[in-house]
Amino acid sequence: MTRQPTRQAAHRSPRMNQQTSIASVNRTPLEGVNVLFVDNSPDERALFSMRFGRDCATLATASSIEEALATLERGETELLVTEIHLAGHDGFELVRRMRDLPATQAGAVPAIAASAWIGLRDRIAEIPSGFSGCIVKPYDEEELLAVVADLSTAIAALRRLRRRGITARVDGRELRP
């Protein structure tokens, strides 16, 4: 078994081979992240899966709050991306209910709001919504990857919390297992 150099090691190496170079360039912030995407539209779920599923460790989809919570309760999701306008409820309700779960299950999962509504960014900033970021539809790949990159510290803290059962701080909140 050969070990591939890390991106940092490959960057420093003067004799970087083409395979390592391509692997480094093609990495995205979603690589290795377990993502849950929630939208009541089957077309939106299919489009999101097609555009971003190749980058994730796993990409689960849900069409309702109930489906999303069942997935979140398994404790494998590391990032939630949810449409704000869901049938019967909204993404704010989903995140409120998710935050009530234990941190190792889903209470500490970073959440990204998604909507075609341009005023979403202002609303997310104004209220204590539980969201860590937002993106506006139609989804721009670079915008989503930038938001996920900003959340990489929170995702790493969640992984440590789950792995070792330790207390972690995310967005100023102390999270306990």
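Treat the numbers as computed from the prediction; the structure is a model and nothing was measured.

Here is what the cut-offs are and how they apply
- Residues numbered from 1 in each chain as written.
- Predicted model: local features only at pLDDT ≥ 70, side-chain atom pairs only at ≥ 80, totals over all residues.
- Heavy atoms only, no water.
- Helix = DSSP H or I, 4+ residues; strand = E, 2+ residues; numbered from the N terminus.
- Buried < 20%, exposed > 50% of the residue type's maximum accessible area, 1.4 Å probe, protein only.
- Areas by Shrake-Rupley, 256 points an atom, 1.4 Å probe, with all protein chains shown as cover.
- Pairing = 2+ DSSP bridges.
- Right-handed = clockwise from strand over helix to strand, strands pointing away.
- Arc of directions from axis to C-beta.
- Polar contact = N/O pair within 3.5 Å; in protein donor to acceptor, adjacent residues only side chain to side chain.
- Axes fitted to C-alpha atoms, helices over the stretch in contact; angles between N-to-C directions.
- Contact = heavy atoms within 4.5 Å.

(A) Spotlight on the overall build of the chain. Counting its secondary structure elements, the chain contains nine helices and nine strands. For the chain, the proportion of its 177 residues judged to be buried stands at 43%. When the accessible surface of the chain is split by element, carbon and sulfur atoms take 49% of a total near 9900 Å².

(B) Just the pairing of strand E1 (residues 34–38), in detail. Counting buried positions over the five residues of E1 gives five, a clear majority of the element. By the alternation rule, side chains of E1 split into Asn34, Leu36 and Val38 and Val35 and Phe37, which are all buried. Both E1 and strand E2 (residues 58–62) contribute to a ladder of five bridges, which runs parallel. Along E2, the bridge assignment pairs Val38 with Ala62. Handedness of the crossover joining E1 and E2 through helix H3 (residues 42–52): right-handed. As paired strands, E1 and strand E3 (residues 79–83) are joined by four bridges and run parallel to one another. Bridging across to E3, Val38 finds its partner in Thr82.

(C) Just the environment of Arg96, in detail. When you line up the elements, Arg96 lands in helix H5 (residues 91–99). For the pair formed by Arg96 and Phe131, sequence separation is 35 residues and the distance between their alpha carbons is 9.4 Å.

(D) Molecular detail of H5. Of the positions making up H5, those classed as buried are Gly91, Phe92, Leu94, Val95, Met98 and Arg99. For H5, the angular spread of buried residues about the axis comes to 160 degrees, placing them on one side. Measuring from the backbone nitrogen of Phe92 back to the side-chain oxygen at the start of H5 gives 3.0 Å, which picks out Asp90 as the cap.

(E) How the structure looks around unusual backbone geometry. Cis peptide bonds are those with omega within 30 degrees of zero, and the linkage from Lys137 to Pro138 qualifies with -5 degrees. With respect to the helices and strands, Pro138 occurs in the loop between strand E7 (133–136) and helix H8 (141–150).

(F) Geometry of the sheet that holds E1. Read from one edge to the other, the open sheet built from five strands follows the order E2-E1-E3-E6-E7, with strand pairing classed as parallel. Lying at the two open borders of the sheet, with one neighbouring strand each, are E2 and E7. Across the sheet, the mean angle separating the axes of adjacent strands is 20 degrees when strand polarity is ignored. Running over the sheet, H5 touches E1, E3 and strand E6 (111–115) and is turned about 150 degrees from E3.

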